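Each chain, written out:
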Amino acid sequence: MTQFEVLSQILAVTAPVFSMVVLGLLLKRMELINEHFIQTSSALVFKATMPTLFFLSLWKSDIRHSVQFELLAMFGVSTLLGYVASWLWAMRKVPRAQRGVFVQGSFRGNCGVMSFALASSYFGDFGSSVGGVLAGFSILIFNVLSVLVLSVYSSTLEFRWRNVLKELATNPLVVAVVLGMAASWFQLELPVWVNKSANYFADLTLPLALICVGGTLSWFAVRESGVAAVQASVIKLLLLPVGGCLLAWLLGFQGRELVILWVFLASPTAAGSFSMAMGAGADGRLAANIIALSTFLSIFTVTLGMYGLSALGH
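Residues numbered from 1 in each chain as written. Predicted model: local features only at pLDDT ≥ 70, side-chain atom pairs only at ≥ 80, totals over all residues. Heavy atoms only, no water.

(A) Summary view of the overall build of the chain. Looking only at helices and strands, the chain features 15 helices and zero strands. Seen through its principal axes, the chain has C-alpha atoms that stretch 55 × 45 × 45 Å. Out of the 314 residues belonging to the chain, those deemed buried represent 54%. Split by element, the accessible area of the chain, about 14,800 Å² in all, is 67% carbon and sulfur. The chain carries 18 positive and 13 negative side-chain charges, and their two centres are separated by 10 Å. (Helix = DSSP H or I, 4+ residues; strand = E, 2+ residues; numbered from the N terminus. Buried < 20%, exposed > 50% of the residue type's maximum accessible area, 1.4 Å probe, protein only. Areas by Shrake-Rupley, 256 points an atom, 1.4 Å probe, with all protein chains shown as cover. Lys, Arg positive; Asp, Glu negative; His and termini not counted. Charge placed at Lys NZ, Arg CZ, Asp CG, Glu CD.)

Okay, here's the thing in structure tokens:
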């Protein structure tokens, strides 16, 4: 296979995903969708269609292949190292009032939508099942670390394990992953009509979620991105995934597991980081700038990273 064919294969995976994000941006500018649509649709995705998608992906899979403990551990270690490194950088280079937002923007990726979409598109059922577990795990680690760093620099947010654990236990995506794994383990059978209806419902998830991501973006936020937003985006899109995948490769990771790790580590900053920043009374404008800038840049960095790994035989 020539390098052009490799690149074409990668673009066949990444272009449809990112084109939906751009479509969301265009639809918002054309006023075919508005904030109310985005808020309602995002709630539908988070509370209903995406949990259904995660449940079905895991229910149909072999749980022994879906739960990749080494991959989960590698993702967790890489995220934690990026978290600590970005915090140390922020303590030296970022004003105190922006540090919590900066650190969160540097490690918290949009794994539930962007990474899952890319993994499932590239690796089919394997990517969907492994990606579903990784997305659920990312919710656990992202929420704990985000609340911790934001609470340090907030006068309104207090870190309490009880509140964090309660939020995680009631998170629809976490619940869906647990139920999906249980359904796979016990080989749950569903009536054909229920299965087909659920699949129709789940198929709404990725197009709707990606359009909503695009609808929240702003060219103004990208133009106004300051040094802190640029630095956080560089850490999120380049330093964290390159460092994590290099460490994984040195430890023996190869093939599709290494590519999936890249896709999850290199995802742009999650849109949910804005609401968390606002809830903590932090710099919401910086959070929005990081989200916008990292999302636009990820179109190139994620694609080039996948191309590089494929060209190297992974």
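(B) Fine view of unusual backbone geometry. A positive phi angle, near 65°, is found at Glu 31, a position not held by glycine. Among the secondary structure elements, Glu 31 is positioned in the loop between α1 (3–29) and α2 (35–59). Residue Gln 187 is not a glycine yet carries a positive backbone phi of 55°.

(C) Broad picture of the packing of helix α14 (residues 272–279) against helix α15 (residues 284–311). In contact at an axis separation of 9 Å, α14 and α15 are set at 170° when each is read in the N-to-C sense. Classified by the angle between their axes, α14 and α15 sit roughly antiparallel to one another. Residues Ser 273, Phe 274, Ala 277 and Met 278 of α14 form the contact with α15, whose participating residues are Gly 284, Ala 287, Ala 288 and Ile 291. Class assignment of the residues belonging to the contact of α14 with α15 gives a composition of six nonpolar, two polar and no charged. (Axes fitted to C-alpha atoms, helices over the stretch in contact; angles between N-to-C directions. Parallel < 35°, antiparallel > 145°, perpendicular 65-115°, else oblique. Contact = heavy atoms within 4.5 Å. Nonpolar A, V, L, I, M, F, W, Y, C, P; charged D, E, K, R; others polar.)

(D) Structural context of the environment of Phe 300. With respect to the helices and strands, the residue Phe 300 is situated in helix α15. C-alpha of Phe 300 to C-alpha of Phe 18: the two residues are 282 residues apart in sequence and 9.9 Å apart in space.

(E) Geometry of a nonpolar patch on the surface. Nonpolar side chains collect at one region of the surface, where Val 22, Leu 26, Met 30 and Leu 32 lie side by side and expose about 380 Å² of accessible area between them. With respect to the helices, strands and loops of the structure, Val 22 is situated in helix α1. (Patch = residues over 30% accessible without salt bridge, like charges linked within 9 Å, V, L, I, M, F, W, Y side chains within 5 Å. Salt bridge = Lys/Arg side-chain N within 4 Å of Asp/Glu carboxyl O.)

(F) The arrangement of the nonpolar core in detail. Counting residues in hydrophobic clusters, the biggest one holds 95 residues, and the most contacted among them are Phe 75, Phe 264 and Met 306. It is helix α6 (residues 111–152) that contributes the most residues to this core, 21 residues altogether. If we ignore the near neighbours within four places in the chain, the residues touching Phe 75 are Cys 111, Leu 134, Phe 137, Ser 138, Ile 141, Phe 142, Leu 261, Phe 264 and Leu 265. Within the second largest apolar cluster, five residues are counted, among which are Leu 27, Ile 38, Ile 211 and Cys 212. (Core = buried A, V, L, I, M, F, W, Y, C linked by side-chain atoms within 4.5 Å.)

(G) Region of the structure containing the side chain of Ser 273. The topology assignment puts Ser 273 in helix α14. Since its relative accessible area comes to 2%, Ser 273 is described here as buried. Once residues lying within four places of it in the same chain are set aside, the contact partners of Ser 273 are Gln 104, Arg 108, Ala 287 and Ile 291.

(H) Quick peek at the pattern of salt bridges. Per the counting criterion, the structure on display carries two salt bridges. Here Lys 28 and Glu 35 are joined by a salt bridge, their closest N and O atoms 2.7 Å apart. For Glu 35, a relative accessible area of 41% gives the class partly exposed.

(I) Geometry of the packing of helix α5 (residues 96–107) against helix α12 (residues 227–250). At a closest axis distance of 7 Å, the pairing of α5 and α12 adopts a crossing angle of 30°. Between α5 and α12, the interaxial angle falls into the category roughly parallel. Both α5 and α12 take part in a crossing whose hand is right-handed. Contact residues: α5 offers Gln 98, Phe 102, Gly 105, Ser 106 and Phe 107, while α12 offers Ala 228, Gln 231, Ala 232, Ile 235, Lys 236 and Leu 240. Looking at side-chain class alone, the contact of α5 with α12 contains six nonpolar, four polar and one charged residues. (Left-handed = near helix turned anticlockwise from the far one by under 90°.)

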